[in-house]
Structure formats: C-alpha cells, structure tokens
Amino acid sequence: MKQSELFSKTQRSFPKNEESVNAQLLLRAGYVEKLMAGVYSYLPLGLLVLRNIERIVREEMNALGAVEVLLPSLHPKENWQTTGRWKTMDDLYKLKDRGGREFALAGTHEEVIVPLLKKFVSSYKDLPLAVYQIQNKFRDELRAKSGLLRGREFLMKDLYSFHANENDMLQYYEKVKVAYRNIFSRVGLKAIETEASGGTFSDFSHEYQVLTEAGEDEIIYCAGGDYAANAEISQAKEGKQCDLGHGPLKKAKSIEVGNIFPLKDKYSKAFNLSFKDEKGKEHLVQMGCYGIGLGRLLGTIVEVHHDKGGIVWPSEVAPFQIHLLSLSGGEKAAKRAYEELQAKGIEVLFDDREASPGEKLTDADLLGIPLRLVSSEKTASSDSFEVKKRDEEKIELVKKKDLVSYLSRPI
Ligand code: ATP
Ligand code: MG
C-alpha cells in the first residue's frame, strides 16, 4: 500500500481531550478517529490491526469447536425483562420506536442466544455445543475516558457454551482457558489468569488481566505465578507471604482484557432452555460464557508496547510487517523495490509521500511497523537498503540482491 494514497494522516500535536496513551498514539498515527467520548472509527491501518486480532481470535475459537454466528444489535425489551436485566443493568441503552415500542441496544447477548437455541436444542443429542460471534456491544459507560479501553460502542468476541451437565461445562471451561492463553500470547500480551467473583450465580469466574499503570482494575498476585485474584474480592492481602515461598504478594494496576464465567443455569432457567436425557427426563441446559473486548485488546497492546517515539506493534498484529521509506536520492530504488516486493507477495507500506526525511522517519516510529527499510541517496549508491527493527537501535545494510531472501525470514 502506498502511504500517499492513505487519506488518514499522522498528527504531530497531541489530541486535546484525550488522556490515555492508547488513544493519544492511535489518533496521532491515524489508526482511529474519535466521534465522541467512547466511540471511535477504525481507519484503514487501524482496521488492518483489528482484522489481525480477529483472525487470531477466530482461529482459536474454531479450534475449540465453536461455530460463528452474527446476532442482532437491536433487541426487543421483552427478552431483557425475562432475565430481569431491563431493570438491573444500569448501562443498558434503551430506545423507543415511533410507535412507542421499547428496545434495548445489545449490551451483551445472552438475551438473544438463549431463546435462539431454544428453537434448536431439545435432546441430549443436541449437546454440547458452542457458539461465538464478533459483534458490537453498546454500554452507557460513565467513565469513557480511556480511549479504546472503555468504549460506549465496542467490539467484543462473545462465546457461549451449552452442556448437559455441570461437569461437562467445567471441562469445556478449562479448554477455553487454554484458548485464551493462546490468544493473549499470540497478540503479544502477558495476561494473568485471575480469580474473580462469580456474581450471584457461581462461586467463581476468571479474568485475564494485563499489568499496566493504565489499568482501571487492581490485582493481588504472586510473582511466582501461583496466585492471582482481583483486589476487590481477594481473600489474601498485598504483602502476605506466598504459601509456596515466592515472597510477598504484590498489588498492581491492570486491564481486564477478557473474562470467563460458569453461568450454570442462570439464563437457561430464565428462558427455560431445557433438554430431554436418555430416559426422557427434562433438565435445564448448563452454560458458560466467555468474553474478550477486541478494541480493549488493541488499546492494551498499545499501552504495553510503545516508547517515546510511538507504537511498537508485536509482529502478529502489525498492520504491515515492512515499512519502506523513500528518502531523497533513493526514490528510484525504493519504487523498484516496492514493485518487486509486491510482485513476490510481500506486503509493504510504502512511504512515497512528498515529505522530508525527518518527517518520514518520525512517522515510521509513530506508526510502529516492525521492520523499517530506507532507501536514500547514500544507500542507492551502494546498491543496498538500510534495515532497522522498530524495537532495536541497530541499523544493518542489506544488498539489493539479498533483500527478498532477507525479508522472507521471520522478523
Ligand atoms: P469491566 O469490569 O471492565 O466493565 P465487564 O465485567 O463489564 O468489564 P464483560 O461484560 O464481562 O466485562 O465483557 C467481556 C469483555 O469485554 C471484558 O473482559 C472486556 O475485555 C470487554 N469490555 C467490557 N466493557 C468494555 C468497554 N466498555 N469497552 C471495551 N471493552 C469492554
Ligand atoms: Mg462493565
């Protein structure tokens, strides 16, 4: 892709009314644009990052045997009355049509998926099953000041699993933990699996927490990795000695990037989602639900992976692997290299803009693409390119004839 053809531009100045690092950097780099507090548009480069995150999430969900659906965002009030959440969910957006009929905007989707499955599940033979989607959620968040970390409209992956008994649900719950660990490590995050409250219907749930000062949560954890709990509910306090000899428990700020809940029959009871066992006896379906906020995940990656120059994308989510900069005197060589790499199927963001070398180098740091290639008068004279990794200081010279094989190696 040619950078001159991108309508989104980088900004030098720091956006006003943005306190969070993720929003500051993503806005300045032209990855997202703000419509109002808690509501963002993804611009072309931001969408490429989001699509990479979605791809990873889909791969891990499909590997769990879950099937993808897409559920509506506009819900009838009655479904939310059935679960009682029309009254109890404070952040639910409610609206009326011209005839005065009331609706909810999807804050989550149990109220849709459970009645939907009631049409298809009737026998033990129909279970277990797992369904997921990647879909917008709407929540009337009071504190939408953290950029992509807390949206009022935001993309979530929500997975729901349905089982004949609690044991089967808990076994699946363990498999989801593995998929979640894979997802977070693949996007370049260390997420701590943290014990959390199960609300009124379960003894426990788990959250995936990423340590960063930008976090709105706090966890108490053992540096040895054998204990972590949300500080709100933790039995153990900061400073208590770890039972396994790893020293005192620590307390730190963190971002909840995902959570998993053993719902049991909370929602199947509300909608009477039941099945007949081998003997024809009726039972309520046992459920689990599992969320990941994709926008929040993207924002968290930026909070964790940046330096004073800008974003430093982990390779698996980067919008491009290679950023080719054409500086004065190196234009011809840069253009030839771009065409050659395109022809070889190697995707490159090509900075072919009319801009000063300083501007291009500063923007490359801000955009955060893993590998920078520079073609200048100096490199052209030696038939080579300057190569630099975004997260290293070292600059290498690579001969033009070696470029394709150099770039074909994993970064
Ligand atoms: P929080 O305590 O941060 O409000 P939550 O408990 O309301 O989160 P869930 O309803 O369980 O979260 O949603 C599942 C996932 O969706 C969360 O783990 C988080 O990653 C993401 N998420 C929740 N609320 C938001 C939001 N306002 N903006 C972006 N992502 C969100
Ligand atoms: Mg919430």
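Only a predicted model underlies this, so the values are computations on that prediction, with no experimental measurement involved.

Conventions and cut-offs
Along every chain, residues carry numbers that run from 1 in the direction the sequence is written. Chain labels run from A onward and ligand labels from 1 onward, assigned in the order the entries are written. The model is predicted, so local features are restricted to residues of pLDDT at least 70 and side-chain atom pairs to those at 80 or more, both for listing and for counting; the totals for chains, interfaces and linings are taken over all residues. The side-chain figures draw on all heavy atoms in the structure; neither hydrogens nor water molecules are used. Delimitation of the domains relies on an automatic or database domain assignment. Any two residues whose heavy atoms approach within 4.5 Å at even a single point are treated as in contact. The buried area of a pairing is the accessible area, by a 1.4 Å probe, that goes missing from both parts when the two are put together, added over both. When a carboxyl oxygen of Asp or Glu lies within 4 Å of a side-chain nitrogen of Lys or Arg, that pair is called a salt bridge. Whenever two N or O atoms come within 3.5 Å, that pair is a polar contact, provided that in protein one can donate a hydrogen and the other can accept it, and provided that, for residues adjacent in sequence, both atoms are side-chain atoms. Runs of E in the DSSP output that reach at least two residues are strands. Runs of H or I that reach at least four are helices, and both are numbered from the N terminus. Under the grouping applied here, Gly and all other residues not named as nonpolar or charged are polar, the nonpolar ones being Ala, Val, Leu, Ile, Met, Phe, Trp, Tyr, Cys and Pro and the charged ones Asp, Glu, Lys and Arg. When the centres of two rings from Phe, Tyr and Trp lie within 6.5 Å, Trp using its six-membered ring, the rings pair. Their planes under 30 degrees apart give stacked, over 60 give edge-to-face, and anything left gives tilted. Any residue under 20% of the maximum accessible area for its type is buried, any over 50% is exposed, and the rest in between are partly exposed; the area is computed with a 1.4 Å probe on protein chains only. Note: two strands are recorded as paired if DSSP finds a minimum of 2 bridges between them. Inter-axis angles, ranging from 0 to 180 degrees, are taken between N-to-C directions of lines fitted to C-alpha atoms, where helices are fitted over the stretch in contact. The scheme is simple: roughly parallel for angles under 35 degrees, roughly antiparallel for over 145, roughly perpendicular for 65 to 115, oblique for anything else. Handedness of each helix crossing follows the sense of rotation of the near helix against the far helix: counterclockwise by less than a right angle gives left-handed, clockwise gives right-handed. Put simply, a residue is near a molecule or strand once any heavy atom of it comes within 4 Å of that molecule or strand.

A few words on the domain arrangement of the protein. Interfaces are often sized by the amount of accessible area the parts lose when they come together. Domain assignment breaks the protein into domain 1 (3-307) and domain 2 (320-407). Taking only C-alpha atoms into account, the centre of domain 1 sits 38 Å from that of domain 2. The partner domain 2 presents 13 residues to the 13 residues of domain 1 that form the contact. With both chains or domains summed, domain 1 and domain 2 bury close to 1,100 Å², and 53% of this area falls on carbon and sulfur atoms. Applying the counting criterion to the domain 1 and domain 2 interface returns 2 salt bridges. For R12, the salt bridge goes to D363, with nearest N and O atoms at 3.1 Å. One can count 8 residue pairs in polar contact (both at pLDDT 80 or more) joining domain 1 with domain 2. Every element with two or more residues in the side of domain 1 that touches domain 2 is listed here: α1 (21-28) and α2 (44-63). Taken together, the residues of the side of domain 1 that touches domain 2 break down into 6 nonpolar, 4 polar and 3 charged.

The subject of this paragraph is the pattern of salt bridges. This structure, assessed with the given rule, holds 32 salt bridges. The network of salt bridges with shared partners includes R55, E59, E60, R186 and E316.

Quick look at the packing of aromatic side chains now. What the rule picks out here adds up to 8 aromatic pairs. With centroids separated by 5.8 Å and ring planes inclined at 85°, the aromatic side chains of Y180 and F184 adopt a geometry described as edge-to-face. Of the two residues, Y180 and F184 both sit in helix α6 (residues 166-186), 4 residues apart, roughly one turn of that helix. F184 sits in the buried class, given a relative accessible area of 1%. Between Y338 and F350, the ring centres sit 4.7 Å apart and the planes meet at 25°, which makes this aromatic pair stacked.

The next point concerns the sheet that holds strand β4 (residues 74-76). As summarised here, the arrangement of the 3 strands in space is β4-β6-β5, forming an open sheet in which the pairing is antiparallel. Of all strands in the sheet, those with a lone pairing partner are β4 and β5 (93-96), marking the two edges. Strand-to-strand twist across the sheet, computed as the mean angle between neighbouring axes with direction ignored, equals 40°. Sheet analysis places β4 next to strand β6 (residues 102-105), joined by 3 bridges and oriented antiparallel. Residue pairing across strands places P76 opposite F103, the latter belonging to β6.

One can describe the packing of α1 onto helix α8 (residues 294-304) by two numbers: an axis separation of 8 Å at closest approach and a directional angle of 95°. Here α1 is positioned roughly perpendicular relative to α8, judged by the angle of their axes. Along its contact with α1, which presents V21, N22, L25 and L26, the element α8 presents L298, G299, V302 and E303. The class makeup of the residues in the contact of α1 with α8 is 5 nonpolar, 2 polar and 1 charged.

Moving on, we come to the packing of α2 against α8. Where α2 contacts α8, the two axes come as close as 10 Å, and the packing angle between them is 115°. Here α2 lies roughly perpendicular to α8, going by the angle between them. For the pair α2 and α8, the crossing hand works out as right-handed. Residues G46, V49, L50, I53, E54 and V57 of α2 lie in contact with α8, whose contacting residues are L294, L297, L298 and I301. Each residue belonging to the contact of α2 with α8 can be placed in one class, and the counts come to 8 nonpolar, 1 polar and 1 charged.

Turning our eyes to something else, we now look at the site of ligand 1. Near ligand 1 you find 13 residues, and of these R139, E141, G151, E256 and N259 are the closest. Between ligand 1 and the protein, one listed contact pairs an oxygen atom with a side-chain N or O atom of E256 at 2.6 Å. Within the residue set of the shell around ligand 1, elements represented by two or more residues are β8 (153-163) and β13 (250-264). Tallied by class, the residues present in the shell around ligand 1 amount to 4 nonpolar, 4 polar and 5 charged.

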